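Each chain is listed here by its residues.
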Amino acid sequence: ADVGRVWMCIEVCVGLPGNRIKESKQRYAELAETGYLPAVKKTIQLVIETDKTHQAVVWLEEAVRMGDATSLALLAKAYAGNYPKTRVEKDLVKSYSYYLNYLDAMGADRLAGTRKRIEKEEQAVKEQLSETQIADAEKLHQEYRENHTVMLFEIPWKLSLINN
């Protein structure tokens, strides 16, 4: 885990020459394979930037499995058809369940502006669903909720890079 933070800091703080960028990307992918969430999130960013967007959804799903709130919101948007860089097939039931998971986990006391935007997106998806689809999405939401803890991970990592 500390190796991942060092690599992230090197790239962010110092910058890498062209020949080291490829090595850096490979290292992120290796760390992501171990389940290190900061590396998973950086890999998502890199595959989207390099237009290998089919891989982005795989990594976003992995981050969601690990409980990452930001990835929940991004996948909800992608499955609604509103995040074209991911090239994911539209799935409104899954989108709605991810929105429910995000909103439930984040609560109403934090990130008020983001919450309002996400609530609007969630409502737009819900309006397109039948009652049966809403019930299916709510079931997926409950299953996820029973088996996962969702957290917003970015803030502690940014602070740990500064403090270490």
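Residues numbered from 1 in each chain as written. Predicted model: local features only at pLDDT ≥ 70, side-chain atom pairs only at ≥ 80, totals over all residues. Heavy atoms only, no water.

Asker: Please explain the overall build of the protein chain as it appears in this structure.
Answerer: A tally of regular secondary structure across the protein chain gives 9 helices and 0 strands. Put simply, the protein chain has 164 residues, and 40% of those count as buried. Within the protein chain, counting contacts between residues at least 6 apart in sequence, those at least 24 apart form 58% of the total. For the protein chain, the computed accessible surface area is about 9,500 Å², with 53% contributed by carbon and sulfur atoms. (Helix = DSSP H or I, 4+ residues; strand = E, 2+ residues; numbered from the N terminus. Buried < 20%, exposed > 50% of the residue type's maximum accessible area, 1.4 Å probe, protein only. Contact = heavy atoms within 4.5 Å. Areas by Shrake-Rupley, 256 points an atom, 1.4 Å probe, with all protein chains shown as cover.)

Asker: I would appreciate a short explanation of the nonpolar core in the present structure.
Answerer: One broad rule of soluble globular proteins: the nonpolar side chains tend to lie buried together. Formed by 40 residues in total, the largest nonpolar core has its most connected members in Leu75 and Tyr102. Counting residues per element, the ones that place at least two in this core are α2 (18–33), α3 (37–49), α4 (53–65), α5 (69–79), α6 (92–106), α7 (112–126) and α8 (131–147). Broken down by element, this core gets its largest block of residues, 9 residues, from α6. Setting aside chain neighbours within four positions, we find tyrosine 102 in contact with Ala69, Leu72, Ala73, Leu111, Thr114 and Ile118. (Core = buried A, V, L, I, M, F, W, Y, C linked by side-chain atoms within 4.5 Å.)

Asker: I would appreciate a short explanation of the pattern of salt bridges in the present structure.
Answerer: Pairing of side chains with opposite charge becomes possible as their charged atoms draw close. Enumeration over the complete set of coordinates arrives at 7 salt bridges. Residue arginine 27 is joined to glutamate 30 by a salt bridge in which the shortest nitrogen-to-oxygen separation is 3.3 Å. Highlighted residues: arginine 27 and glutamate 30, both in helix α2, separated by 3 residues, approximately one helical turn. For arginine 27, a relative accessible area of 24% puts it in the partly exposed group. Two residues, arginine 145 and aspartate 104, come together in a salt bridge whose shortest N-O distance is 2.9 Å. In this pair, arginine 145 is assigned in helix α8 and aspartate 104 in helix α6, connecting sequence segments 41 residues apart. Taking relative accessible area as the criterion, arginine 145 reaches 45% and is therefore assigned partly exposed. (Salt bridge = Lys/Arg side-chain N within 4 Å of Asp/Glu carboxyl O.)

Asker: What is the right way to look at the packing of α5 against α6 in this model?
Answerer: The relative placement of two packed helices comes down to the angle between their axes together with the axis-to-axis distance. Between α5 and α6, the least distance of the axes is 8 Å, while the angle of their chain directions is 150°. Judged by the inter-axis angle, α5 sits roughly antiparallel to α6. Read as a crossing pair, α5 and α6 show a hand that is left-handed. Packed against α5, whose contacting residues are Ala69, Leu72, Ala73, Leu75, Ala76, Lys77 and Tyr79, the element α6 presents Leu92, Lys94, Ser95, Tyr98, Tyr99, Asn101, Tyr102 and Met106 at the interface. (Axes fitted to C-alpha atoms, helices over the stretch in contact; angles between N-to-C directions. Parallel < 35°, antiparallel > 145°, perpendicular 65-115°, else oblique. Left-handed = near helix turned anticlockwise from the far one by under 90°.)

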